[in-house]
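Overview (structure and organization)
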Amino acid sequence: QVQLVESGGGLVQAGGSLRLSCAASGSISRFDVMGWYRQATGKQRESVATITSRGSTNYADSVKGRFTISRDNAKNTVYLLMNSLKAEDTAVYYCHGRPYYGGDYWGQGTQVTVSS
């Protein structure tokens, strides 16, 4: 059983940057797709960015050009670099992994708060 643990969240002013990390307790090579989701208060969880094992990325329109997802298989870690943060980026951010053999793994979430 692989566990995903997020870190790097916090309070930042609008226009600032944060880098989230998602560290896996085991190898992330088992995950075909990994990604970051977020859930703001009173809203549904939404996909922010995903990355495949081949390095293909996909972003929500709202974060394109500002966020960058990457994965380091050697460190079993996925990152989300967030630049030019806006108040509407405030949410709990969750790491997600989908193994080749199916199923879903989620982290416990990390809070990102952007003050305007």
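For the structure itself, look to the data block above.
Let me begin by describing the structure that accompanies this report.

1. Some words on the nonpolar core
Membership of the largest hydrophobic core comes to 29 residues, with the highest contact counts inside it found for Leu 4, Trp 36, Leu 80, Met 82 and Tyr 93. Put simply, the parts of the chain that give this core at least two residues each are β3 (18–24), β4 (31–39), β5 (46–52), β7 (67–72), β8 (77–82), β9 (91–99) and β11 (110–115). If you tally residues by element for this core, the top one is β3, at four residues. Here Leu 4 is in contact with Cys 22, Ala 23, Ala 24, Phe 31, Met 34, Cys 95, His 96, Gly 97, Tyr 105, Trp 106, Gly 107 and Gln 108, once residues within four sequence places are set aside.

2. So, the layout of surface pockets
In this approach the atoms are scanned with a rolling probe the size of a water molecule, which exposes any empty space left behind. Estimated volume of the largest pocket: approximately 160 Å³. Taken together, 13 residues line the largest pocket, and the ones lying closest to its centre are Arg 38, Ala 40, Lys 43, Glu 46 and Glu 88. Here the lining of the largest pocket is composed, by residue class, of three nonpolar, four polar and six charged.

3. Notes on the environment of Arg 19
With respect to the element layout, Arg 19 can be found in strand β3. Sequence separation of Arg 19 and Met 82 is 63 residues, and the distance between their C-alpha atoms is 5.9 Å. Residue contacts for Arg 19: discarding those within four places in its chain leaves Ser 7, Gly 8, Tyr 79, Leu 80 and Leu 81.

4. Concerning the pattern of salt bridges
Applying the stated criterion across every chain, the model contains six salt bridges. In this structure, Arg 54 and Asp 32 form a salt bridge, with 3.8 Å as the shortest nitrogen-oxygen distance. Here Asp 32 lies in strand β4 and Arg 54 lies in the loop between β5 and β6 (57–59), a separation of 22 residues in the sequence. Residue Asp 89 is joined to Arg 38 by a salt bridge in which the shortest nitrogen-to-oxygen separation is 3.0 Å. Within this pair, whereas Asp 89 is found in the loop between β8 and β9, its partner Arg 38 is found in strand β4, the two being separated by 51 residues in sequence. Residue Asp 89 shares its accessibility class with Arg 38, and that shared class is buried. Taken together, the shared-partner salt bridges connect Arg 38, Glu 46, Arg 66 and Asp 89 into one network.

5. Topic: the sheet that holds β8
One open sheet holds the four strands; their spatial order is β1-β3-β8-β7, and the pairing between them is antiparallel. Lying at the two open borders of the sheet, with one neighbouring strand each, are β1 (4–7) and β7. Adjacent strand axes in the sheet meet at a mean angle of 15°, parallel and antiparallel pairs treated alike.

6. Concerning the environment of Gly 103
As for its position among the elements, Gly 103 is in the loop between β9 and β10 (105–106). For Gly 103, a relative accessible area of 42% translates into the label partly exposed. Those residues within four positions of Gly 103 in sequence are excluded, and the remaining contacts are Gly 97 and Arg 98.

7. Quick notes on the pairing of β9
Each regular strand carries side chains that alternate between the two faces of the sheet. Counted residue by residue, β9 has seven buried out of nine residues, so it is predominantly covered. Alignment of β9 against β10, held across two bridges, turns out to be antiparallel. Looking at β10, one finds that His 96 is bridged to Trp 106. Where β9 folds back onto β10 in an antiparallel hairpin, the turn is made up of five residues, including Gly 102, whose phi is positive at roughly 95°.

Rules behind the numbers
- Residues numbered from 1 in each chain as written.
- Predicted model: local features only at pLDDT ≥ 70, side-chain atom pairs only at ≥ 80, totals over all residues.
- Heavy atoms only, no water.
- Core = buried A, V, L, I, M, F, W, Y, C linked by side-chain atoms within 4.5 Å.
- Buried < 20%, exposed > 50% of the residue type's maximum accessible area, 1.4 Å probe, protein only.
- Helix = DSSP H or I, 4+ residues; strand = E, 2+ residues; numbered from the N terminus.
- Contact = heavy atoms within 4.5 Å.
- 1 Å grid on protein atoms, 1.4 Å probe; cavity = no way out; pocket = protein on both sides within 12 Å on 5 of 7 lines; lining within 4 Å.
- Points joined across faces, edges and corners; volume = space filled by probe spheres on them.
- Nonpolar A, V, L, I, M, F, W, Y, C, P; charged D, E, K, R; others polar.
- Salt bridge = Lys/Arg side-chain N within 4 Å of Asp/Glu carboxyl O.
- Pairing = 2+ DSSP bridges.
- Axes fitted to C-alpha atoms, helices over the stretch in contact; angles between N-to-C directions.

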